Structure formats: structure tokens, C-alpha cells
Amino acid sequence: MRDTSKPTAALSAGLLARKGLARKSALALGAAAARPDALAQHLAHTARATKEKAAFTLRLDPARRLRLRLAAAVTGRSAQQLVTEAIDTMLAEMAELEPLAHHLAATEGRECL
């Protein structure tokens, strides 16, 4: 009889990282977050390994997806434009990000967005 008290984890390719591109978890960054310079250095390292634009998957429940599609149709804008604008608005409200963004930009020798 099989013991079902502990589920077994499946090992998949999604759990693997390319050499040199593995990132620390958010929990591991907790100590660095207390020191903005250390966090900025870590982010500078990971930012160099990424492209100018990155794609990611956004999973929405059916109701949100429908509303997003309707908003796109009503406004004549793409869902991408609407989501990007919403993210920009949220990030602008997080004042603690601005000093980190400027420090990171200065570290890399570029202008901050």
C-alpha cells in the first residue's frame, strides 16, 4: 500500500536554470533589501542578463480576462497597453522604488526611466 501522507514533487525542466542565470529567491534577498546598495548590485547583475524587453505569462481568471478584452475593445487600445499602463501607475505609487531605480541606473551608467 502506498503512503499518501506526503506528496511527491515532480522534477521538470521548468525547475532548472541555465548556468549563470539562476536568481536568488525573494526570501534570500530579504537581507539585501535592508541594504539598498546590496540590492541594487544584485539587481544590476540580473538586469544585465536580460533583454531590453521581457515576455511573461499573466494568468487571469475568466472574469478579469473578459473585462480586459472589453476594456481593450472599448478604448481601442491593446490589452498589453492597458496592462502596461496599470503597472506603471502602481509602480509610480511605490516611492521606495525610485531611489533603488536611480541607484541601479547610475551603477549601469544609464538614465533612469
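Just above, that's the structure.
Computed from a predicted structure; not experimentally measured.

Basis of the calculations
- Residues numbered from 1 in each chain as written.
- Predicted model: local features only at pLDDT ≥ 70, side-chain atom pairs only at ≥ 80, totals over all residues.
- Heavy atoms only, no water.
- Helix = DSSP H or I, 4+ residues; strand = E, 2+ residues; numbered from the N terminus.
- Buried < 20%, exposed > 50% of the residue type's maximum accessible area, 1.4 Å probe, protein only.
- Contact = heavy atoms within 4.5 Å.
- Areas by Shrake-Rupley, 256 points an atom, 1.4 Å probe, with all protein chains shown as cover.
- Patch = residues over 30% accessible without salt bridge, like charges linked within 9 Å, V, L, I, M, F, W, Y side chains within 5 Å.
- Salt bridge = Lys/Arg side-chain N within 4 Å of Asp/Glu carboxyl O.
- Expected span 1.5 Å × (residues − 1).
- Polar contact = N/O pair within 3.5 Å; in protein donor to acceptor, adjacent residues only side chain to side chain.
- 1 Å grid on protein atoms, 1.4 Å probe; cavity = no way out; pocket = protein on both sides within 12 Å on 5 of 7 lines; lining within 4 Å.
- Points joined across faces, edges and corners; volume = space filled by probe spheres on them.
- Nonpolar A, V, L, I, M, F, W, Y, C, P; charged D, E, K, R; others polar.
- Axes fitted to C-alpha atoms, helices over the stretch in contact; angles between N-to-C directions.
- Parallel < 35°, antiparallel > 145°, perpendicular 65-115°, else oblique.

Asks: Give a detailed account of the overall build of the protein, specifying residues and quantitative values.
Replies: Secondary structure summary: the protein contains 5 helices and 0 strands in total. Within the protein, buried positions represent 11% of all 113 residues. Excluding contacts between residues fewer than 6 apart, the proportion of contacts in the protein whose partners are at least 24 apart in sequence is 38%. Carbon and sulfur atoms make up 59% of the accessible area of the protein, which totals about 10,200 Å².

Asks: Lay out a nonpolar patch on the surface with the relevant residues and their values.
Replies: Together, Phe-56, Leu-58, Leu-60, Ile-87, Met-90, Leu-91, Met-94 and Leu-97 make up an exposed nonpolar region whose accessible area comes to about 680 Å². Element by element, the count of residues in the nonpolar patch is highest for helix α4 (residues 79-92), at 3 residues. Judged by its relative accessible area of 48%, Leu-58 falls in the partly exposed class.

Asks: Tell me about helix α3 (residues 62-75), residues and numbers included.
Replies: Think of an α-helix as 3.6 residues a turn; residues three or four steps apart then line up on the same face. With 14 residues, α3 extends 20 Å from end C-alpha to end C-alpha; this agrees with the ideal 20 Å at 1.5 Å per step. N-cap assignment for α3: the residue whose side-chain oxygen lies 3.1 Å from the backbone N of Ala-63 is Asp-61. Where α3 terminates, the next one or two residues include Gly-76, which has phi positive at roughly 70°.

Asks: Residues and numbers for the layout of surface pockets, please.
Replies: A volume near 510 Å³ is recorded for the second largest pocket. Contributing to the lining of the second largest pocket are 15 residues, with Phe-56, Ala-79, Gln-80, Val-83 and Thr-84 lying nearest its centre. Put simply, the parts of the chain that give the lining of the second largest pocket at least two residues each are α3 and α4. A total of 5 residues in the lining of the second largest pocket trace back to one element, the largest contributor, which is α4. Within the lining of the second largest pocket, the residues separate by chemical class into 10 nonpolar, 2 polar and 3 charged.

Asks: Describe the pattern of salt bridges, naming the residues involved and giving the relevant values.
Replies: Side chains that carry opposite charge are capable of pairing whenever their charged atoms lie near each other. A complete count under the given rule lists 2 salt bridges for this structure. Between Arg-64 and Asp-61 there is a salt bridge, with the nearest N and O atoms lying 2.5 Å from each other.

Asks: Give a description of the packing of α3 against α4 that names residues and reports values.
Replies: Where α3 meets α4, the axes come as close as 9 Å, and the angle between the chain directions of the two elements is 105°. Here α3 is positioned roughly perpendicular relative to α4, judged by the angle of their axes. Note on element contacts: α4 touches α3 through Ala-79, Leu-82 and Val-83, opposite Leu-68, Ala-71, Ala-72 and Thr-75. Residues that form the contact of α3 with α4 fall into these classes: 6 nonpolar, 1 polar and no charged.

Asks: Which residues make up the environment of His-102, and what are the values?
Replies: Considering the arrangement of structural elements, one finds His-102 in helix α5 (residues 97-108). At 2.8 Å, the side chain of His-102 and the side chain of Glu-98 are in polar contact.

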